[in-house]
Amino acid sequence: MRSSEVRDLLDVTARSDIIPLAAGAPYVKALNFRDIEKYARKIIAEDGLSAFQYGPSGGFYPLKMCLVDVLKLDGIVASPDDILITDGGQQALDLLAKIFIDPGDIIIAEAPCYVGALNAFLSYQARVETVPVDENGLQIEVLEDKLSQLSREKEIKFIYTVPNFSNPSGVTLSFDRRKELVSLARRYGTLIIEDNPYGRLRFEGEHLKNLRQLDEENIIYVGTASKMFAPGLRIGWIVAPFSIRERLIHGKQAADLCSSNFTQRLAFEYFSDPRWKNTLKKFISIYKEHRDAMLGALEEHFPEEVTWSHPVGGFFTWATLPEYINTTEMLAEAITNKVAYVPGRGFYPDGSGTNCMRLAFCTVESEQIEEGIKRLGKIIKEQMRLYRSFYRGKK
């Protein structure tokens, strides 16, 4: 097991004097808390005894019925019995790692990769092989070479990807590559774990078919209420074939017996109220405004030697600095200047990505984003100046 560099930064980003470009947290201020209070009062009045009791390991059935309609928005056809409720998307990844991975097993993940997924897989001693992403997502030619090479050594347990507005890169897997990915997985007899926490948070363009729409049998789908509602509820879900789902339930029983009955009922009330879609539209509008502010600030304040992704949804952009700049070492200077980001190293199993950083625009107001990027731009330019002065002096 290893620590999460994102979680380690929470104490710092919680400080009121820090501009938190590290925190990938939803903008919960957009929620209607009066409605949520009504939902909670209704639950206590009508279901108080059962809401505070243990529940089924598979999840609160009415919520699963509700999620069937939520999944339809993504074009995914499922029945309540296809769904397992988990304690957020993170527990879903841990359970999948628990039932699939034995020490030394090979899995393939995109790089950079969601740090929570890496930590889950590495905790069960997986051998994580990575495939780089570009502006169109996973590089399929590299993936095909990996599959061809690795399959000669050992069975590949699964391929892990966040196809929509990936954390941390912000990139989206193109539709052509989605089809190629599914085809490759079929050819090599490998499952795909499709992690889709941000899929509904698209700012522009058309929604692309999810991987599970292209192959229901070979895709395990992971979703969460954290980005569409609130992460504090810890509500996630897995859509998987029966044989896999049964083993996941056994794993969940060993972990926590069942998810919170109360928060599942609260999520049920939320998604049963059609107005949740209006709240989602509000989230999207806010995130788009923040994304635009960040891209504009990056263009204005970062040196031309720095590149970054241009997300069309989600929470993050990924910046790549000159190779000689170590963003882990630079973080102390950033904190001194009251701004935080996540260094890129934690998003790679081998500790590469040292010249990269994840920048989150989800929670921070536009004015703060502008100021935070301005401060980071000054720090990066100073790092570049010092490097050039040092090597010029050595010559």
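Above this note sits the structure.
This structure is a prediction, so every number in the text was calculated from the model and none was measured.

Thresholds, definitions, all that
- Residues numbered from 1 in each chain as written.
- Predicted model: local features only at pLDDT ≥ 70, side-chain atom pairs only at ≥ 80, totals over all residues.
- Heavy atoms only, no water.
- Core = buried A, V, L, I, M, F, W, Y, C linked by side-chain atoms within 4.5 Å.
- Buried < 20%, exposed > 50% of the residue type's maximum accessible area, 1.4 Å probe, protein only.
- Helix = DSSP H or I, 4+ residues; strand = E, 2+ residues; numbered from the N terminus.
- Contact = heavy atoms within 4.5 Å.
- Salt bridge = Lys/Arg side-chain N within 4 Å of Asp/Glu carboxyl O.
- Pairing = 2+ DSSP bridges.
- Expected span 1.5 Å × (residues − 1).
- Arc of directions from axis to C-beta.
- Polar contact = N/O pair within 3.5 Å; in protein donor to acceptor, adjacent residues only side chain to side chain.

Novice: Explain the nonpolar core to me, please; I cannot follow it from the model alone.
Specialist: Side chains of a nonpolar character, in soluble globular proteins, are inclined to be buried together. Ranked by internal contacts, the top residues of the largest apolar core, which has 114 residues, are F121 and W237. In terms of residue count, the dominant contributor to this core is helix 12 (residues 276–301) (eleven residues). With near-sequence residues (within four places) excluded, F121 lies in contact with L93, A97, I101, I107, A126, V128, F158 and Y160. In terms of nonpolar packing, the next biggest core, distinct from the first, is built from 18 residues, I108, L143, L184 and I219 among them.

Novice: Quick question: what am I supposed to make of the pattern of salt bridges here?
Specialist: Taken as a whole, this structure holds 26 salt bridges when the rule is applied. E129 is the salt-bridge partner of R127, the closest N and O atoms lying 2.9 Å from each other. E305 is the salt-bridge partner of R388, the closest N and O atoms lying 2.9 Å from each other. Of this pair, R388 sits in helix 14 (residues 366–394) while E305 sits in the loop between helix 12 and strand 10 (307–308), and the two are 83 residues apart along the sequence. Judged by its relative accessible area of 38%, R388 is partly exposed.

Novice: I keep staring at the sheet that holds strand 14 (residues 356–360) and nothing clicks. Help me out?
Specialist: Adjacent strands of a sheet form backbone hydrogen bonds with each other and so pair up, either parallel or antiparallel. With antiparallel pairing, the four strands of this open sheet are ordered in space as 10-11-14-13. Because the sheet does not close on itself, it has two edges, and the strands there are strand 10 and strand 13 (342–343). One ladder, built from two bridges, connects strand 13 with strand 14; its direction is antiparallel. If you follow P343 over to strand 14, its bridge partner there is M357.

Novice: Any chance you could explain helix 8 (residues 175–187) here in plain terms?
Specialist: One turn of the α-helix equals 3.6 residues, which is why residues spaced by three or four share an orientation. The end-to-end C-alpha distance of helix 8 is 19 Å, a good match for the 18 Å that 13 residues give at a rise of 1.5 Å each. When we look at burial in helix 8, the residues that qualify are R177, R178, L181, V182, L184 and A185. Looking straight down helix 8, one finds that the buried residues subtend no more than 160 degrees of arc, so they occupy a single side. After helix 8 finishes, the residue G189 shows a positive phi value of roughly 65 degrees.

Novice: Honestly, the side chain of N218 in this entry has me stumped. Any pointers?
Specialist: Along the polypeptide, N218 turns up in the loop between helix 9 (211–214) and strand 8 (219–224). A polar atom in the side chain of N218 sits 2.9 Å from the backbone oxygen of T190. Contact partners of N218, with chain neighbours within four places excluded, come to A185, R186, T190, L191 and I192.

Novice: Just to check I follow, could you spell out the pairing of strand 11 (residues 316–320) for this structure?
Specialist: Strand residues, when the strand is regular, have side chains that alternate between the two faces of the sheet. Of all five residues in strand 11, four are buried; the element is thus mostly enclosed. Of the strand pairs in this sheet, strand 10 and strand 11 are connected by two bridges, and their pairing is antiparallel. Note on strand 11: the bridge partner recorded for T307 is T320. As paired strands, strand 11 and strand 14 are joined by five bridges and run antiparallel to one another. Residue T317 lies in a different strand from strand 14, and its bridge partner there is L359.

These figures come from the coordinates and say nothing about function on their own.
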